[in-house]
Amino acid sequence: MPEVSDEAAAAVGGRRATPTAAPKAKAPSRVRMSAAQRREQLIATGRQLFAERGFDATSIEEVASRAKVSKPVVYEHFGGKEGLYAVVVDREVRALLDRITTALTAGHPRELLEQAALALLGYIEEETSGFRVLVRESPLMSATGTFSSIMNDVAHQVEHILGAEFKSRGYDPKLAELYSQALVGMVALTGSWWLEVRKPRKETVAAHLVNLAWNGLSHLEAKPTLITARRH
């Protein structure tokens, strides 16, 4: 009697043969991050979310979801949202200060103004998320973790430069602190505006800032008074 295959037997019996399933391809295993790598990933994720939403509107759930980890992982590394935010802000503070202080290399005061303005605008252009984190309001803002405090540090450096310049021109060097705050504040406020509009180019913005500041300084009155006060 001839041998009948399984398929033929199934057909004769009114049943369709079930084809043998091909073995499933093994899914590639996910590479586990080290603790340091995971921490850096969470910091980058938090930085982006804090820039987009601010401190109050960002939740640990969102951080965990975007980083594709569980909430306990975030708590394990930072203790909570406040801890993550503090690390993000501290890094941005140091990055911006380092950028500005490193840029101040010129000997001439006008060049120093140009370097400071370009350093701030360059940071805004290249590290937009970081700048947004710094300028947003937050209940965690402390004396060492605000954009204002960074600008104060820069103003103190400018103060020393202006103090020497004022003394050489016969102006009261005690007023250097006031003028340094005014100059740095002008650059910082303009930088916040430029963050949104991005026009004109940063070099053009810096040139106009320095034009206003330097030419204003070049024609300072030794003892200015208000015009309204002169009328009385």
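Positions within a chain are numbered from 1, following the residues in the order the chain's sequence is written. The predicted nature of this model means local features are confined to residues of pLDDT at least 70 and side-chain atom pairs, given and counted, to a pLDDT of 80 or more, with totals for whole chains, interfaces and linings taken over all residues. The basis for every side-chain value is the complete set of non-hydrogen atoms in the structure, without hydrogens or water.

### With respect to the environment of Asp-90
Note the following rule: Where helices and strands are cited, they refer to DSSP runs of H or I of at least four residues and of E of at least two residues respectively, numbered from the N terminus. N or O atoms within 3.5 Å of each other form a polar contact, as long as, within protein, one can give a hydrogen and the other can take it, and as long as residues adjacent in sequence are counted only when both atoms are side-chain atoms.
Residue placement: Asp-90 occurs in helix 5 (residues 81–103). C-alpha separation for the pair Asp-90 and Leu-134, spaced 44 residues apart in sequence, amounts to 9.5 Å. Within the local environment of Asp-90, its side chain forms a polar contact with the side chain of Arg-94, the two groups lying 3.1 Å apart.

### Quick word on the packing of helix 7 (residues 128–135) against helix 9 (residues 176–197)
Here is the rule we go by: To define axes, lines are fitted to C-alpha atoms, for helices over the stretch in contact only, and angles between the resulting N-to-C directions are given on a 0 to 180 degree scale. Here is the rule for angles: anything less than 35 degrees is roughly parallel, anything more than 145 is roughly antiparallel, 65 through 115 is roughly perpendicular, and the remaining ranges are oblique. Two helices cross in a left-handed way if the nearer one is turned anticlockwise from the farther one by less than a right angle. They cross in a right-handed way if the turn is clockwise. The contact rule is simple, with two residues in contact once any of their heavy atoms fall within 4.5 Å. In this count, Pro and Cys sit with the nonpolar residues alongside Ala, Val, Leu, Ile, Met, Phe, Trp and Tyr, while Asp, Glu, Lys and Arg are called charged and the others, Gly among them, polar.
Their axes nearest at 12 Å, the elements helix 7 and helix 9 cross at an angle of 130°. What the angle tells us is that helix 7 and helix 9 run oblique. Judged by the sense of rotation from one axis to the other, the crossing of helix 7 with helix 9 is left-handed. Residues Thr-128, Phe-131, Arg-132 and Val-135 of helix 7 form the contact with helix 9, whose own contacting residues are Gly-191, Ser-192, Leu-195 and Glu-196. Within the contact of helix 7 with helix 9, the residues separate by chemical class into 3 nonpolar, 3 polar and 2 charged.

### Describing the environment of Tyr-123
Note the cut-off: Burial status follows relative accessibility: with a 1.4 Å probe on protein chains alone, a residue under 20% of its type maximum counts as buried, one over 50% as exposed, and anything between as partly exposed.
Tracing the sequence through the fold places Tyr-123 in helix 6 (residues 109–126). On the accessibility criterion, Tyr-123 (1% relative accessible area) is buried. Spatially, the C-alpha atom of Tyr-123 lies 7.7 Å from that of Arg-99, the residues being 24 residues apart in sequence. Sequence-distant contacts of Tyr-123, defined by excluding residues within four places in its chain, comprise Glu-92, Leu-96, Arg-99, Thr-128, Gly-130, Phe-131 and Leu-134.

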